[in-house]
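Each chain, letter by letter, is given below.
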Amino acid sequence: MHSKERVFSGIQPSGTSHLGTYLGALKNFVALQDDYETFYCIVDLHALTTPRDPKVLRSSVREIAAIYLAAGLDPSRAIIFRQSSVGEHAELCWLMNCVAKVGELSRMTQFKDKTQRGGAEAASVGLYAYPVLQAADILLYNAHLVPVGEDQRQHLELARTLARRFNNLYGDTFVVPEIMIPKTGARIMALDEPTAKMSKSRPTPGGYISLLDEPDEIRRKIRRAKTDSGTEVTATPDKPAISNLLGIYAGLSNRTVPEVEGQYRGKGYGDFKKDLAEVVVEGLSPIRERALELLDDPRELDALLESGAEKARAVARPVLRDAASRMGLD
Ligand code: TYM
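It should be emphasised that the depicted structure is a prediction, and the values quoted were computed from it without experimental measurement. (Residues numbered from 1 in each chain as written. Predicted model: local features only at pLDDT ≥ 70, side-chain atom pairs only at ≥ 80, totals over all residues. Heavy atoms only, no water.)

*Asks:* Describe in detail the packing of aromatic side chains, supporting the description with residues and values.
*Replies:* Within the structure shown, the criterion is met by 12 aromatic pairs. On the basis of an interplanar angle of 55° and a centroid distance of 6.4 Å, the ring pair of Y40 and Y68 is categorised as tilted. One end of the pair, Y40, is in strand β2 (residues 37–42); the other, Y68, is in helix α3 (residues 54–71), and 28 residues separate them in sequence. Centroid distance Y249 to F272: 5.8 Å. Interplanar angle 15°. Geometry classified as stacked. Residue Y249 is found in helix α10 (residues 240–253), and its partner F272 is found in helix α12 (residues 269–295); the two are separated by 23 residues along the sequence. For Y249, a relative accessible area of 5% corresponds to the buried category. For F272, a relative accessible area of 0% corresponds to the buried category. The lysine or arginine in question, K221, covers the ring of Y208, its NZ or CZ lying 4.9 Å from the ring centre. The residue whose ring lies beneath K267 is Y264, and the NZ or CZ to ring-centre distance is 5.6 Å. (Phe/Tyr/Trp six-rings, centres within 6.5 Å; stacked < 30°, edge-to-face > 60°. Helix = DSSP H or I, 4+ residues; strand = E, 2+ residues; numbered from the N terminus. Buried < 20%, exposed > 50% of the residue type's maximum accessible area, 1.4 Å probe, protein only. Lys NZ or Arg CZ within 6 Å of the ring centre and 35° of its normal.)

Structure representation (C-alpha cells):
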C-alpha cells in the first residue's frame, strides 16, 4: 500500500457536476483507485473564490461526496475528503504564495476568462491566487499523477513549476506531478454551443447534462442538442457539434471515436442522437440513483468525509512540516 504512487485530484462544490466533469475527470478517478493510493478532494476553499450562499455550499459538498461514491469510488481504497477539513492546504498555500510570482498568475487564462466581465480589479485576491492553492493541494500529498480535464492544464503546469522552484530554492522536497488528461472526453463542449466548454457556470440549462438529470431530461437535451450542416456522423473540424457528441458516445461506451463513426456509417444524425440519448441515460442513471440514495443520509456522508480527512491529515502534516522547516519556520 505505502509503496504505491499517489494520485490527487479535486472537484469544486459549485453548481452541479455534469457530463464534462464525469468524462474529463471522475471516470478516471475511479479507474486509478486500483493501482494508486488515491486522494480525491472536494475543494470547498476554491469554491469560496466567488461568493456563495453558505447553505448551498454545504449541500454542494455533500452532493459531490455522494457523486464520488455513486460513480464508483470505494472509500476503503480512495481517500475522499473536504479541503477545508485539512488545514494544511491553506497553510502550504501561504508558503507557495511566497514562491509564486505575480507575473505567472497574471498569465492564467482561467483568471482572465473569469474576470473578463467584471474586470480584474474587482476580482477577489482568492480568485487570483486560486492556482497556488491548487498547487498546494497536489504537492501536499507528493502526488505523482493528477487526472484532470484539458481546462486544468495551465494550472497543473504552474504546479510543476512551483514544485521545481521550491526544490531548487530549498532542496529536494516535492514530487513534480505528472498531468493526466484523457484521450476522449478531455474537453466536452456545451450541447447548445459546441464552441464553448460545457461548464457549471453556464447560464443555459440546455447546454449541459447534470449527473443528476432525470432520464427524460437527458433525452430532451440530446434531442435538442445542436448539430452541424451535412448528414454524415463523423468527427471532422467542420463538425464541432457532431464531434462533441461522438466524444460523449465514445467516452460513455468505452469505445474510440473511429469505432463509433464506423457504427453510424450510412446512418443519419437522427439515428445517432436517439442511440446517444440511451447511452447517456444508461451511463448516468445508476450514478444518479445511487447518489440520491446516499444524499438521504447526510450524516453518513459527513462521517465518511471526516474519516477521509483524518487519513489525509496524516499524510499532509509531515509534508507541510518538512516544507516549512526547509524555509526556516521551526
Ligand atoms: P472543476 O470543479 O471545474 O472541474 C472538475 C474536473 O472536471 C474537469 N472538467 C471537464 N472535463 C472535460 N470537459 C469539460 N467540459 C469539463 N469541465 C470540467 C476539470 O478539468 C476538472 O478536472 N481547479 C479545479 C479543482 C481543483 C483541482 C485541484 C484539480 C482544485 N485543486 C488539484 C486537480 C488537482 C476545478 O475547478 O475543477
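Next comes the rest of the write-up.
*Asks:* Give a description of the domain arrangement of the chain that names residues and reports values.
*Replies:* For the chain, the domain assignment lists domain 1 (6–186 + 298–326) and domain 2 (205–292). Look at where the C-alpha atoms of domain 1 and domain 2 centre, and you get two points 29 Å apart. For the pair domain 1 and domain 2, the summed buried surface comes to about 1,300 Å²; carbon and sulfur atoms form 78% of the total. When the buried area of domain 1 at its contact with domain 2 is split by residue, L19, A70 and T184 rank highest and sum to 38% of it. Viewed at the interface, domain 2 and domain 1 are joined by zero salt bridges. Counting every contact that joins domain 1 to domain 2 gives four residue pairs in polar contact (both at pLDDT 80 or more). Those elements giving two or more residues to the side of domain 1 that touches domain 2 turn out to be α1 (19–32) and α3. (Domains from an automatic or database assignment. Buried area = accessible area lost by both parts, 1.4 Å probe. Salt bridge = Lys/Arg side-chain N within 4 Å of Asp/Glu carboxyl O. Polar contact = N/O pair within 3.5 Å; in protein donor to acceptor, adjacent residues only side chain to side chain.)

*Asks:* Requested: an account of unusual backbone geometry, with residues and values cited.
*Replies:* For residues besides glycine, phi is generally negative; the peptide bonds are generally trans as well. You will see that N142, though not glycine, has its phi angle at about 50°, which is positive. Its location among the elements puts N142 in the loop between α7 (125–139) and β4 (145–147). Take N142: its relative accessible area is 16%, and that puts it in the buried class. Although it is not a glycine, N254 adopts a positive phi angle of roughly 55°. Positionally, N254 belongs in the loop between α10 and α11 (257–263).

*Asks:* Account for the pattern of salt bridges, naming residues and giving values.
*Replies:* Per the stated rule, a full pass over the model turns up 20 salt bridges. A salt bridge links K221 to D213, with the nearest nitrogen and oxygen atoms 2.7 Å apart. With a relative accessible area of 6%, K221 lands in the buried category. D213 sits in the buried class, given a relative accessible area of 13%. Among the ionic pairs, E217 bridges to K221, the shortest N-O distance being 3.9 Å. In this pair, E217 and K221 both sit in helix α9 (residues 215–224), four residues apart, roughly one turn of the helix. Since its relative accessible area comes to 27%, E217 is described here as partly exposed. Linked by salt bridges that have partners in common, D213, E217, R220 and K221 make up one network.

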